[in-house]
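# Examination of the molecular architecture
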Amino acid sequence: PNWTQWPYFTPGRWPQFTLGLTTIETIEDSLLVFGVTGRVLTPFTGNGLTTWGLGTVANFNLYGSGLSTAAGTIIHWLTGKPLVSWGNEVLVLTPVLGDFTGGTVRLVIHGLRLEPPRL
(Lines give C-alpha, C1' and ligand atoms only; values in the text may rest on other atoms or scores of the structure.)
Protein backbone atom coordinates (compact mmCIF):
# COMPACT_ATOMS: atom_id res chain seq x y z
CA PRO A 1 0.00 0.00 0.00
CA ASN A 2 0.97 3.60 -0.55
CA TRP A 3 0.17 5.63 2.60
CA THR A 4 -0.54 9.12 1.49
CA GLN A 5 -0.95 12.63 2.80
CA TRP A 6 -1.87 15.54 0.56
CA PRO A 7 -0.07 16.88 -1.39
CA TYR A 8 0.73 13.44 -2.77
CA PHE A 9 3.48 14.53 -5.12
CA THR A 10 5.49 16.77 -2.78
CA PRO A 11 5.90 15.17 0.66
CA GLY A 12 6.78 17.61 3.41
CA ARG A 13 5.19 20.62 1.66
CA TRP A 14 1.84 21.31 3.30
CA PRO A 15 -0.89 23.26 1.53
CA GLN A 16 -2.09 26.57 2.89
CA PHE A 17 -5.30 28.17 1.70
CA THR A 18 -6.09 31.84 2.04
CA LEU A 19 -9.82 32.24 2.27
CA GLY A 20 -11.83 33.96 -0.37
CA LEU A 21 -12.44 30.87 -2.47
CA THR A 22 -14.48 28.33 -0.56
CA THR A 23 -13.87 25.23 -2.68
CA ILE A 24 -10.54 23.52 -3.13
CA GLU A 25 -10.10 20.43 -5.33
CA THR A 26 -7.80 18.20 -3.32
CA ILE A 27 -8.98 14.59 -2.98
CA GLU A 28 -7.59 12.59 -5.89
CA ASP A 29 -9.38 9.82 -7.77
CA SER A 30 -9.31 6.33 -6.18
CA LEU A 31 -8.02 7.51 -2.79
CA LEU A 32 -9.40 5.74 0.28
CA VAL A 33 -9.86 8.68 2.68
CA PHE A 34 -9.61 8.17 6.45
CA GLY A 35 -9.98 11.80 7.48
CA VAL A 36 -8.79 15.38 7.31
CA THR A 37 -6.67 17.30 9.79
CA GLY A 38 -5.61 20.90 9.80
CA ARG A 39 -4.91 24.11 11.65
CA VAL A 40 -6.15 27.67 11.27
CA LEU A 41 -2.98 29.76 10.80
CA THR A 42 -4.49 33.25 10.73
CA PRO A 43 -7.96 34.04 12.10
CA PHE A 44 -10.92 33.73 9.77
CA THR A 45 -12.70 37.02 9.32
CA GLY A 46 -16.01 37.89 7.74
CA ASN A 47 -19.19 39.87 8.11
CA GLY A 48 -21.21 38.09 10.84
CA LEU A 49 -18.99 34.98 10.67
CA THR A 50 -19.37 32.86 13.84
CA THR A 51 -18.10 29.37 12.96
CA TRP A 52 -17.38 27.32 9.84
CA GLY A 53 -17.62 23.78 8.50
CA LEU A 54 -15.41 21.59 6.34
CA GLY A 55 -16.69 18.89 4.03
CA THR A 56 -17.46 17.96 0.45
CA VAL A 57 -20.11 19.05 -2.04
CA ALA A 58 -22.26 16.05 -0.99
CA ASN A 59 -21.76 16.63 2.77
CA PHE A 60 -20.70 20.15 3.78
CA ASN A 61 -19.85 19.13 7.38
CA LEU A 62 -18.23 15.73 6.77
CA TYR A 63 -14.89 16.82 8.27
CA GLY A 64 -16.04 19.38 10.82
CA SER A 65 -18.85 21.66 11.92
CA GLY A 66 -19.00 24.50 14.41
CA LEU A 67 -15.25 25.02 13.98
CA SER A 68 -13.68 28.07 15.61
CA THR A 69 -12.42 30.93 13.47
CA ALA A 70 -9.47 31.62 15.83
CA ALA A 71 -5.84 31.14 14.88
CA GLY A 72 -4.54 27.86 16.32
CA THR A 73 -7.85 26.02 15.90
CA ILE A 74 -7.17 22.33 15.20
CA ILE A 75 -9.23 20.32 12.73
CA HIS A 76 -9.09 16.59 13.48
CA TRP A 77 -11.99 14.67 11.93
CA LEU A 78 -12.25 11.06 10.83
CA THR A 79 -14.47 10.12 7.92
CA GLY A 80 -16.38 7.69 10.16
CA LYS A 81 -15.83 4.82 7.81
CA PRO A 82 -13.28 4.96 5.01
CA LEU A 83 -14.58 6.85 1.99
CA VAL A 84 -13.40 6.18 -1.56
CA SER A 85 -13.19 9.11 -3.92
CA TRP A 86 -14.19 8.01 -7.45
CA GLY A 87 -13.00 11.01 -9.39
CA ASN A 88 -11.43 14.15 -8.00
CA GLU A 89 -13.39 15.42 -4.99
CA VAL A 90 -13.71 19.01 -3.84
CA LEU A 91 -13.29 20.10 -0.23
CA VAL A 92 -15.73 22.85 0.74
CA LEU A 93 -15.26 25.42 3.51
CA THR A 94 -18.68 26.70 4.61
CA PRO A 95 -19.08 29.93 6.64
CA VAL A 96 -21.83 29.98 9.28
CA LEU A 97 -23.93 33.15 9.68
CA GLY A 98 -21.68 35.23 7.49
CA ASP A 99 -19.05 35.06 4.80
CA PHE A 100 -15.28 34.66 4.54
CA THR A 101 -13.19 37.76 3.92
CA GLY A 102 -9.82 36.55 5.22
CA GLY A 103 -7.84 33.95 7.08
CA THR A 104 -5.54 31.03 6.31
CA VAL A 105 -5.96 27.31 6.99
CA ARG A 106 -3.52 24.43 6.43
CA LEU A 107 -5.20 21.08 5.60
CA VAL A 108 -3.93 17.51 5.27
CA ILE A 109 -5.98 14.67 3.74
CA HIS A 110 -5.08 11.25 5.16
CA GLY A 111 -5.67 8.28 2.90
CA LEU A 112 -4.47 5.12 1.23
CA ARG A 113 -3.97 4.33 -2.44
CA LEU A 114 -3.51 0.73 -3.55
CA GLU A 115 -0.76 0.32 -6.13
CA PRO A 116 -0.37 -2.73 -8.40
CA PRO A 117 2.72 -4.89 -7.86
CA ARG A 118 5.92 -3.97 -9.69
CA LEU A 119 7.20 -6.16 -12.49
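Residues numbered from 1 in each chain as written. Predicted model: local features only at pLDDT ≥ 70, side-chain atom pairs only at ≥ 80, totals over all residues. Heavy atoms only, no water.

Per the secondary structure count, the protein chain includes zero helices and nine strands. Shown N-terminal to C-terminal, the secondary structure of the protein chain runs as helices and strands in the order β-β-β-β-β-β-β-β-β. Taking all 119 residues of the protein chain together, 39% fall into the buried category. Put simply, of all contacts in the protein chain between residues at least 6 apart along the chain, 77% involve residues at least 24 apart. Surface accessibility of the protein chain: about 6800 Å² in total, with carbon and sulfur atoms responsible for 59%. (Helix = DSSP H or I, 4+ residues; strand = E, 2+ residues; numbered from the N terminus. Buried < 20%, exposed > 50% of the residue type's maximum accessible area, 1.4 Å probe, protein only. Contact = heavy atoms within 4.5 Å. Areas by Shrake-Rupley, 256 points an atom, 1.4 Å probe, with all protein chains shown as cover.)

It is worth spelling out the packing of aromatic side chains at this point. In the structure shown here, the tally under the stated rule is two aromatic pairs. Measuring from ring centre to ring centre gives 4.8 Å for Phe44 and Trp52, while their planes differ by 55°; the resulting arrangement is tilted. With respect to burial, Phe44 and Trp52 carry one shared label: buried. (Phe/Tyr/Trp six-rings, centres within 6.5 Å; stacked < 30°, edge-to-face > 60°.)

What follows deals with the environment of Leu97. With respect to the helices, strands and loops of the structure, Leu97 is situated in the loop between strand E8 (89–96) and strand E9 (102–113). Along the backbone, Leu97 and Trp52 are 45 residues apart, and their C-alpha atoms lie at a distance of 8.8 Å. Leu97 has contacts with Asn47, Gly48, Leu49 and Thr50, leaving out every residue within four places of it along the chain.

Let us now look at the nonpolar core. By size, the foremost hydrophobic cluster in this structure holds 19 residues, and its most contacted members are Phe44, Trp52, Leu54, Tyr63, Ile75, Val105 and Ile109. Looking at this core, the elements with two or more residues in it are strand E4 (31–45), strand E5 (51–56), E8 and E9. Of all the elements, E4 adds the most residues to this core, at five residues. (Core = buried A, V, L, I, M, F, W, Y, C linked by side-chain atoms within 4.5 Å.)

On to the confidence of the model for the protein chain. For the protein chain, mean pLDDT is 76; residues scoring 70 or higher make up 79% of the total. Averaged pLDDT values over the elements of the protein chain bottom out at 40 in strand E1 (residues 2–5) and peak at 93 in strand E6 (residues 64–67). The low-confidence segment residues 1–16, where pLDDT is below 50, has 44 contacts with residues more than four positions distant or belonging to other chains. (pLDDT = per-residue confidence, 0-100.)

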